[in-house]
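Spelled out, the chains give:
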Amino acid sequence: MEPRVKQEISPYRRFTLILGGSVLAIGIVLGTAIILFINSFVVKDTIHFTKLAVQSHFNAFSLLKDIFADEKSTDEGTEYKMADHGMMANYKGVDGLVHLHFDLYHFVSTRFYRTNGMVTYSYAVKEVGSMLPAGEQTAFNKALNGETLQSRQGAHGLHMWVPIENSANKVIGIVELTRDIREQDASSRNVIQWISIVI
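Since this is a predicted model, take the numbers as computed values, not measurements.

*Asks:* Just give me the short version of the nonpolar core, but keep the residues and values in it.
*Replies:* In terms of nonpolar packing, the biggest core is built from 26 residues, with Val54, Phe58, Phe68, Phe112, Ile164 and Val175 touching the most fellow members. Secondary structure elements with two or more residues in this core: α1 (11-60), α3 (87-102), β1 (107-113), β4 (157-165) and β5 (171-180). When sequence neighbours within four positions are dropped, the list of residues in contact with Phe68 reads Phe58, Phe112, Tyr113, Arg114, Thr120, Ile164, Ile172, Gly173, Ile174 and Val175. Core analysis: the next-biggest nonpolar cluster, separate from the first, contains 10 residues, Ala139, Leu149, Trp161 and Val171 among them.

*Asks:* Quick one: what's the story with the pairing of β1, residue by residue and with numbers?
*Replies:* Within a regular beta strand, the side chains point alternately toward one face of the sheet and then the other, so they alternate between its two faces. In terms of strand pairing, β1 meets β5 through six bridges, oriented antiparallel. If you follow Thr110 over to β5, its bridge partner there is Leu177.

*Asks:* Which residues make up helix α4 (residues 137-144), and what values do they have?
*Replies:* Looking only at α4, the buried set comprises Ala139, Phe140 and Ala143. Around the axis of α4, the buried residues are gathered within 100° of arc, so they sit on the same side. Those residues of α4 that are buried are in contact with β1, β3 (149-153), β4 and β5. Once α4 finishes, Gly146 follows within two positions and takes phi at roughly 95°, a positive value.

*Asks:* Describe the pairing of β3, with residues and values.
*Replies:* As defined by bridge partners, β3 adjoins β4 across five bridges and the pair is classed as antiparallel. Note that in β4 the partner of Leu149 across the bridge is Trp161. Between β3 and the antiparallel strand that follows it, β4, lie three residues; Gly154 among them carries a positive phi value of about 70°.

*Asks:* Outline the pattern of salt bridges, listing residues and values.
*Replies:* One pass over the structure, following the stated rule, counts three salt bridges. Put simply, Glu176 and Arg111 hold a salt bridge, and the shortest N to O gap is 2.9 Å. With Glu176 in strand β5 and Arg111 in strand β1, this residue pair connects regions lying 65 residues apart in the sequence. Residue classification places Glu176 among the buried positions, given a relative accessible area of 6%. You can call Arg111 partly exposed: its relative accessible area is 26%. Shared partners join several salt bridges into a network, and the residues in it are Arg111, Glu127 and Glu176.

*Asks:* Could you give me a rundown of the sheet that holds strand β2 (residues 119-122), with the residues and numbers involved?
*Replies:* Pairing is antiparallel across the open sheet formed by five strands, whose spatial order is β2-β1-β5-β4-β3. Single-partner strands in this sheet number two, and they are β2 and β3. For this sheet the average axis-to-axis angle between neighbouring strands, irrespective of direction, equals 15°. Of the strands in this sheet, β1, β3, β4 and β5 are in contact with α1, which crosses β4 at around 40°.

Definitions and limits used
Residues numbered from 1 in each chain as written. Predicted model: local features only at pLDDT ≥ 70, side-chain atom pairs only at ≥ 80, totals over all residues. Heavy atoms only, no water. Core = buried A, V, L, I, M, F, W, Y, C linked by side-chain atoms within 4.5 Å. Buried < 20%, exposed > 50% of the residue type's maximum accessible area, 1.4 Å probe, protein only. Helix = DSSP H or I, 4+ residues; strand = E, 2+ residues; numbered from the N terminus. Contact = heavy atoms within 4.5 Å. Pairing = 2+ DSSP bridges. Arc of directions from axis to C-beta. Salt bridge = Lys/Arg side-chain N within 4 Å of Asp/Glu carboxyl O. Axes fitted to C-alpha atoms, helices over the stretch in contact; angles between N-to-C directions.

On their own, these measurements won't tell you what the molecule is for.
Right under this line is the structure:
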């Protein structure tokens, strides 16, 4: 039996393998970086757009601003009455106005808070007059200080806390909302797929 001769890889083949492996590694790293960048851009752009949309609509309609603005605000120990702001009579009108504008941006839930944490409007009317849940206090306080907070919720939800300011840049209320961003996610996936094909 003749001894088996070990076949060495030619320099040309070795170079080809190294080059192919390098291109693949670079492609994976570059693709991952691009995917992270695109996802981050989509979320940040949505946040910026949403904040501008919310604040511009509240500044345009005094009826919405009146939900928050009240110098004679009751404290947490005082019974809240929807009639205090005409909410009992105006809820349907306010609800229709909110949906008319917010549905354009695919908001699926929202609550309006006074600065003391009282809910003055919600898609769920039964929540009106209730107080901020204790577990949300940290996020609420940050929003009161003018910070916009956001986090992913579920597969395609963007949950946000948006401070609402008056003309003097004073925070007069907080809007908590969840926006369906499945369209933005789909656009992101399409771009990612195209990049993957190119790479």
